[in-house]
Amino acid sequence: VICERGGKSNRHAGTKRYRGTIERFKPQYQSMTAKTAKTNLSRKIISQIQESGGRFLKKAEKSQKYFILSPIETTKKVSQAMREKKHLKWTEDCTSTESEKKTSN
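Predicted model, so just to flag it, every value in this text is computed and none were measured.

So, how was this worked out
- Residues numbered from 1 in each chain as written.
- Predicted model: local features only at pLDDT ≥ 70, side-chain atom pairs only at ≥ 80, totals over all residues.
- Heavy atoms only, no water.
- Helix = DSSP H or I, 4+ residues; strand = E, 2+ residues; numbered from the N terminus.
- Buried < 20%, exposed > 50% of the residue type's maximum accessible area, 1.4 Å probe, protein only.
- Contact = heavy atoms within 4.5 Å.
- Areas by Shrake-Rupley, 256 points an atom, 1.4 Å probe, with all protein chains shown as cover.
- Core = buried A, V, L, I, M, F, W, Y, C linked by side-chain atoms within 4.5 Å.
- Salt bridge = Lys/Arg side-chain N within 4 Å of Asp/Glu carboxyl O.
- Axes fitted to C-alpha atoms, helices over the stretch in contact; angles between N-to-C directions.
- Parallel < 35°, antiparallel > 145°, perpendicular 65-115°, else oblique.
- Left-handed = near helix turned anticlockwise from the far one by under 90°.
- Nonpolar A, V, L, I, M, F, W, Y, C, P; charged D, E, K, R; others polar.

**Q** Account for the overall build of the protein chain, with residues named and values stated.
**A** Regarding its fold elements, the protein chain presents five helices and two strands. Secondary structure elements of the protein chain, listed N to C terminal, follow the sequence α-α-α-β-β-α-α. Counting all 105 residues of the protein chain, 31% fall into the buried class. Restricting to contacts in the protein chain with at least 6 residues of sequence separation, those with at least 24 account for 63%. Surface summary for the protein chain: the accessible area is close to 7300 Å², and the carbon and sulfur share equals 51%.

Next up, the structure:
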């Protein structure tokens, strides 16, 4: 998951999958009232991404090299995305199967 603004990061395959996952869990997150439950759901999403080999990356301004975000920064990013009211652009539909994705391309 590329954590920066702009078209390049939006079109990255990992970022698209991330946004699709966010869209899938957003109704559940927004219906929760307990902060701990929301944080636990955000951590569950992070775990799913990391268990499939994903990382949350951000580019350092000076060196222009990517680094892995800390667990706290990652949780903040996911929780913020879950609070967004608008539908995220550049998502990959996480509810379709791999074969459906291949036939649609």
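**Q** Describe the nonpolar core, listing the residues and the values that go with them.
**A** Counting 15 residues, the largest nonpolar core has Tyr18, Ile22, Ile45, Phe56, Val78 and Met82 as the members making the most contacts within it. Put simply, the parts of the chain that give this core at least two residues each are α2 (13–31), α3 (35–51) and α4 (71–83). Apart from residues no more than four positions distant in its own chain, isoleucine 45 is found in contact with Thr21, Ile22, Phe25, Val78 and Met82.

**Q** How would you summarise the pattern of salt bridges if you had to cite specific residues and measurements?
**A** A full pass over the atoms with the stated rule returns one salt bridge. A salt bridge links glutamate 23 to lysine 26, with the nearest nitrogen and oxygen atoms 3.1 Å apart. Of this pair, glutamate 23 and lysine 26 both sit in helix α2, three residues apart, which is roughly one turn of the helix. Summarising the burial analysis for this pair, glutamate 23 and lysine 26 share the class buried.

**Q** Break down the packing of α2 against α3 for me, with residues and values.
**A** A pair of packed helices can be characterised by two numbers: the angle between their axes and the separation between those axes. At a minimum axis distance of 11 Å, the contact between α2 and α3 shows a crossing angle of 155 degrees. Here α3 runs roughly antiparallel to α2, going by the angle between their axes. At the point where α2 passes α3, the crossing takes the right-handed sense. Where α2 approaches α3, its residues Tyr18, Thr21, Ile22, Arg24, Phe25, Gln28 and Tyr29 are matched on the opposing element by Lys38, Leu41, Ser42, Lys44, Ile45, Gln48 and Ile49. Residue composition of the contact of α2 with α3, grouped by class: seven nonpolar, four polar and three charged.

**Q** Before we move on, can you summarise the side chain of serine 79 with the specific residues and values?
**A** By the secondary structure assignment, serine 79 is in helix α4. Look at serine 79 and you get buried, because its relative accessible area is 9%. Setting aside residues no more than four positions away along its own chain, serine 79 makes contact with Tyr29 and Ser42.

Geometric descriptors of this kind do not, in isolation, establish any biological role.
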